[in-house]
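Working through the structure, step by step
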There are 2 protein chains.
Amino acid sequence: MTARFRLVISYLGSRFHGWQVQENACSVQGEIEARLKGIFNDETIGIIGSGRTDAGVHAAGQVAHVDLPNSIPSAGLIKALNGRLPQDIRVLSADRTSPDFHARFDAKAKTYCYRIRWIPSRPAPPWKFQRTAFLPKPTNIKAMIDALVALEGEHDFASFTVRDPNRTGRTRRQLFSTRARLTKTGLHLVFRGSGFLRYQVRRMVGALLEIGNGKHDAQWLDGLLSGPQPGAAVYSAPPRGLCLEKVEYAPERTMVDSSTDFGAVKS
Amino acid sequence: MTARFRLVISYLGSRFHGWQVQENACSVQGEIEARLKGIFNDETIGIIGSGRTDAGVHAAGQVAHVDLPNSIPSAGLIKALNGRLPQDIRVLSADRTSPDFHARFDAKAKTYCYRIRWIPSRPAPPWKFQRTAFLPKPTNIKAMIDALVALEGEHDFASFTVRDPNRTGRTRRQLFSTRARLTKTGLHLVFRGSGFLRYQVRRMVGALLEIGNGKHDAQWLDGLLSGPQPGAAVYSAPPRGLCLEKVEYAPERTMVDSSTDFGAVKS
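Residues numbered from 1 in each chain as written. Chains lettered and ligands numbered in written order. Predicted model: local features only at pLDDT ≥ 70, side-chain atom pairs only at ≥ 80, totals over all residues. Heavy atoms only, no water.

1. Topic: the overall build of chain A
- On a plain count of helices and strands, chain A comes out with six helices and 10 strands.
- Taken over C-alpha atoms, the radius of gyration comes to 20 Å for chain A, in line with the 18 Å a tight globule of 267 residues would show.
- The principal-axis extent of the C-alpha atoms belonging to chain A is close to 60 × 40 × 35 Å.
- With 267 residues in all, chain A has 55% of them scored as buried.
- Surface accessibility of chain A: about 12,200 Å² in total, with carbon and sulfur atoms responsible for 50%.
- Computed over 37 positive and 24 negative side-chain charges, the inter-centroid distance for chain A is 6 Å. (Helix = DSSP H or I, 4+ residues; strand = E, 2+ residues; numbered from the N terminus. Rg over C-alpha atoms; globule rule 2.2 N^0.38 Å. Buried < 20%, exposed > 50% of the residue type's maximum accessible area, 1.4 Å probe, protein only. Areas by Shrake-Rupley, 256 points an atom, 1.4 Å probe, with all protein chains shown as cover. Lys, Arg positive; Asp, Glu negative; His and termini not counted. Charge placed at Lys NZ, Arg CZ, Asp CG, Glu CD.)

2. With respect to helix 1 (residues 28-40) of chain A
All names here are of chain A.
- End to end, helix 1 covers 19 Å across 13 residues, agreeing with the expected 18 Å (1.5 Å per residue, within 8%).
- When we look at burial in helix 1, the residues that qualify are Val-28, Gln-29, Glu-31, Ile-32, Glu-33, Leu-36 and Phe-40.
- Of the surrounding elements, those touching the buried residues of helix 1 are strand 1 (2-11), strand 3 (58-69), helix 2 (74-84) and strand 4 (89-97).
- You can read the cap of helix 1 off the contacts: a side-chain oxygen lies 2.9 Å from the backbone nitrogen of Gly-30, and it is on Ser-27. (Expected span 1.5 Å × (residues − 1). Contact = heavy atoms within 4.5 Å. Polar contact = N/O pair within 3.5 Å; in protein donor to acceptor, adjacent residues only side chain to side chain.)

3. Some details on the domain arrangement of chain A
Residues and elements named next belong to chain A.
- Per the domain assignment, the segments making up chain A are domain 1 (2-105) and domain 2 (108-244).
- Taking the mean C-alpha position of each, domain 1 and domain 2 sit 27 Å from one another.
- Together domain 1 and domain 2 conceal approximately 1,100 Å² of surface at their shared face, both sides included; 50% is due to carbon and sulfur atoms.
- Together, Arg-52, Asp-54 and His-58 form the three largest contributors to the area buried by domain 1 at its contact with domain 2, with a combined 45%.
- Among the ionic pairs, Asp-54 bridges to Arg-198, the shortest N-O distance being 3.2 Å.
- Applying the counting rule to domain 1 against domain 2 returns eight residue pairs in polar contact (both at pLDDT 80 or more).
- Per-class residue counts for the side of domain 1 that touches domain 2 are five nonpolar, eight polar and two charged. (Domains from an automatic or database assignment. Buried area = accessible area lost by both parts, 1.4 Å probe. Salt bridge = Lys/Arg side-chain N within 4 Å of Asp/Glu carboxyl O. Nonpolar A, V, L, I, M, F, W, Y, C, P; charged D, E, K, R; others polar.)

4. Concerning the packing of aromatic side chains
- Scanning the entire structure with this criterion turns up 10 aromatic pairs over all chains.
- Over the aromatic face of Phe-129 of chain B sits the side chain of Arg-240 of chain B, whose NZ or CZ is 4.3 Å from the ring centroid. (Phe/Tyr/Trp six-rings, centres within 6.5 Å; stacked < 30°, edge-to-face > 60°. Lys NZ or Arg CZ within 6 Å of the ring centre and 35° of its normal.)

5. With respect to the nonpolar core
- Counting 69 residues, the largest nonpolar core has Ile-32, Leu-36, Leu-77, Phe-160, Leu-189 and Phe-191 of chain A as its most contacted members.
- In terms of residue count, helix 5 (residues 200-212) of chain A provides more of this core than any other element does, seven residues in total.
- Setting aside anything within four residues of it in sequence, one finds Ile-32 of chain A in contact with Ile-9, Trp-19, Ile-47, Leu-81, Leu-85 and Ile-89 of chain A.
- With 68 residues, the next largest nonpolar core counts Trp-19, Val-28, Leu-77 and Phe-157 of chain B among its residues. (Core = buried A, V, L, I, M, F, W, Y, C linked by side-chain atoms within 4.5 Å.)

6. Let's talk about the relation of the copies chain B and chain A
- Here chain B sits on chain A after a turn of 180 degrees about the axis and a move of 0.0 Å along it, with an RMSD of 0.0 Å. Between the two chains, the operation in question is that of a two-fold axis. Within chain B, Trp-127 of chain B has its C-alpha nearest the rotation axis, a separation of 2.9 Å.
- In this assembly the copies share their binding face: 100% of the residues contributing to the interface of chain B also contribute to that of chain A. (Least-squares fit on C-alpha atoms with pLDDT ≥ 70 in both.)

7. Digging into the interface of chain B and chain A
- Facing 32 residues of chain B, the contacting portion of chain A comprises 32 residues.
- For the pairing of chain B and chain A, the buried interface totals around 2,500 Å² over both sides, and the portion due to carbon and sulfur atoms is 67%.
- Scanning the region where chain B abuts chain A turns up zero residue pairs in polar contact (both at pLDDT 80 or more).
- Among the secondary structure elements, those contributing two or more residues to the side of chain B that touches chain A are strand 1 (2-11), strand 3 (58-69), helix 2 (74-84), strand 4 (89-97) and helix 3 (126-129) of chain B.
- When residues of the side of chain B that touches chain A are assigned to their parent elements, the largest contribution, five residues, is made by strand 4 of chain B.
- Looking at side-chain class alone, the side of chain B that touches chain A contains 20 nonpolar, seven polar and five charged residues.

8. A closer look at the pattern of salt bridges
- Scanning all chains against the criterion turns up 19 salt bridges over all chains.
- Notably, a salt bridge pairs Arg-115 of chain A with Glu-245 of chain A, separated by 2.9 Å at the nearest N-O pair. Residue Arg-115 of chain A is found in strand 5 (residues 107-119), and its partner Glu-245 of chain A is found in strand 10 (residues 242-249); the two are separated by 130 residues along the sequence.
- Judged by its relative accessible area of 14%, Arg-115 of chain A is buried.
- Arg-15 of chain B is the partner of Asp-88 of chain B in a salt bridge, and the nearest nitrogen-oxygen pair spans 2.5 Å. With Asp-88 of chain B in the loop between helix 2 and strand 4 and Arg-15 of chain B in the loop between strand 1 and helix 1 (28-40), this pair connects stretches of sequence that are 73 residues apart.
- For Arg-15 of chain B, a relative accessible area of 45% puts it in the partly exposed group.

9. Some remarks on helix 2 of chain B
- Taken residue by residue, helix 2 of chain B has Ser-74, Ala-75, Leu-77, Ile-78, Ala-80, Leu-81 and Asn-82 of chain B as its buried positions.
- The secondary structure elements touched by the buried residues of helix 2 of chain B are strand 1, helix 1, strand 3 and strand 4 of chain B.

10. Describing unusual backbone geometry
- Following Ile-119 of chain A, the chain continues to Pro-120 of chain A via a peptide bond in cis, the omega torsion being -5 degrees.
- Relative to the assigned elements, Pro-120 of chain A resides in the loop between strand 5 and helix 3 (126-129).
- Backbone geometry places Tyr-199 of chain B, a non-glycine residue, at a positive phi of 65 degrees.
- Since its relative accessible area comes to 23%, Tyr-199 of chain B is described here as partly exposed.

11. Some words on the environment of Ser-98 of chain A
Residues and elements named next belong to chain A.
- Summarising the element assignment, Ser-98 is placed in the loop between strand 4 and strand 5.
- The buried category is assigned to Ser-98, whose relative accessible area is 18%.
- Put simply, Ser-98 and Ala-207 are 109 residues apart on the chain and 40 Å apart in space, counted from C-alpha to C-alpha.
- A polar side-chain atom of Ser-98 sits 2.3 Å from a polar atom in the side chain of Asp-100.

12. Quick look at the pairing of strand 9 (residues 186-193) of chain B
All names here are of chain B.
- With seven of eight residues buried, strand 9 lies mostly within the body of the structure.
- Where strand 5 (residues 107-119) lies against strand 9, eight bridges are found, and the strand directions are antiparallel. In the sheet register, Tyr-114 faces strand 9, and the bridge partner there is Leu-189.
- Pairing geometry for strand 8 (residues 172-182) and strand 9, over seven bridges, is antiparallel. Bridging from a neighbouring strand, Arg-181 pairs with His-188 of strand 9. (Pairing = 2+ DSSP bridges.)

Below, the structure is given as structure tokens:
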């Protein structure tokens, strides 16, 4: 008997070639699958994430599903995985879920945060440095933040992705909301949407930075949103600033048991 | 012409055999000295820290001094070092200081924080996991916190260190203040004192945990403080939870110029 588990996973992406398994490259999915195959002595185990994150991109709350022998307790699964995984990948929770729960198809919203520290500013300690992009401070931050708001809503975001011959599909997405948080030394940009195309967040951030620098203006951005021009927004902000914060599912997709109640589990 | 520089350095200690240069082991001091020797093509350069941190212990604000050619601008020095250092060591500032400033002898106070997450509790993302000790939750947290306060003041802390045949010296220190911060999942313990003996903070934390577990009581701790018993407090809390937060100096020891004003430096 197998059960479907829903995992919430956090990782520092610096060392990985992204989430997705690739030949001859270290991936987060590959690391977790290898540990699961070892734990259950079953080479067929595969996990499915809510979506890819690119090389160098981090996650605070990536979600994945996997079918495993029903007998394993959630707390035991977490312990076994975290004991074997490298320290830059942590499984935060593992809950039994509905057998038809699908981490990718059922995702209703994703939230990304892009963390920028302006150059010049005081360097950051390693634990912040790892997840922060260091970028020259644009002259017009206000224009950036105005443009951020203009991105909200439903648009064809084809201008902010690459044509991938292996992946055809619609490029219309909903950006539910955005948020800009000015810090002492930088800027955090938060994007919550129905889903994001490949490179979309980094290219949106890149476009905002170019608007802040005066290379482009608000009208240029409006043009890209109203009439998609593939390849128009080409500057991708560096991956190290990007973090997948959260993946949301419809309420009926929440866990069907609560055996990961740490408060009640004996250590 | 040389000038004395005061560096503020942050590091993740996980990978290092501590601050101090050791033969055949990777140390923070060794990494920085090697980069300085390379930058200035001078094998005689040596830096002196405010004190050792042990293997696996982190720093948010270690302070060190070093004599370097006067011609280098502070911002250039920081950039050159951070460009060459591994990402788990970051130089946060570098300021010209008085030629008789001594990072160790002039230190007036040091602050350490010990970060605990209780087992069982939700695992932490990698960027917190790296600097957190995972420990079973003691039954009596209140007794721990009461005992923490009892440590404050001037005492002979010989019970909380090891006799090092190479280092003789007084074991009397002042613990100016302590602070306990309960978090959702754990406890942070902060110690500010005139200086700390080897293993002192980790053994004080270890003693507090044993009091919380009922293995020892407040009277036992009072006994160790009033009549030092070397080797009595032997349980050292693991290094990964410990971080040297700050080193303080007398006001006249502050920088003599302000060329590290990042706000004014062109990137």
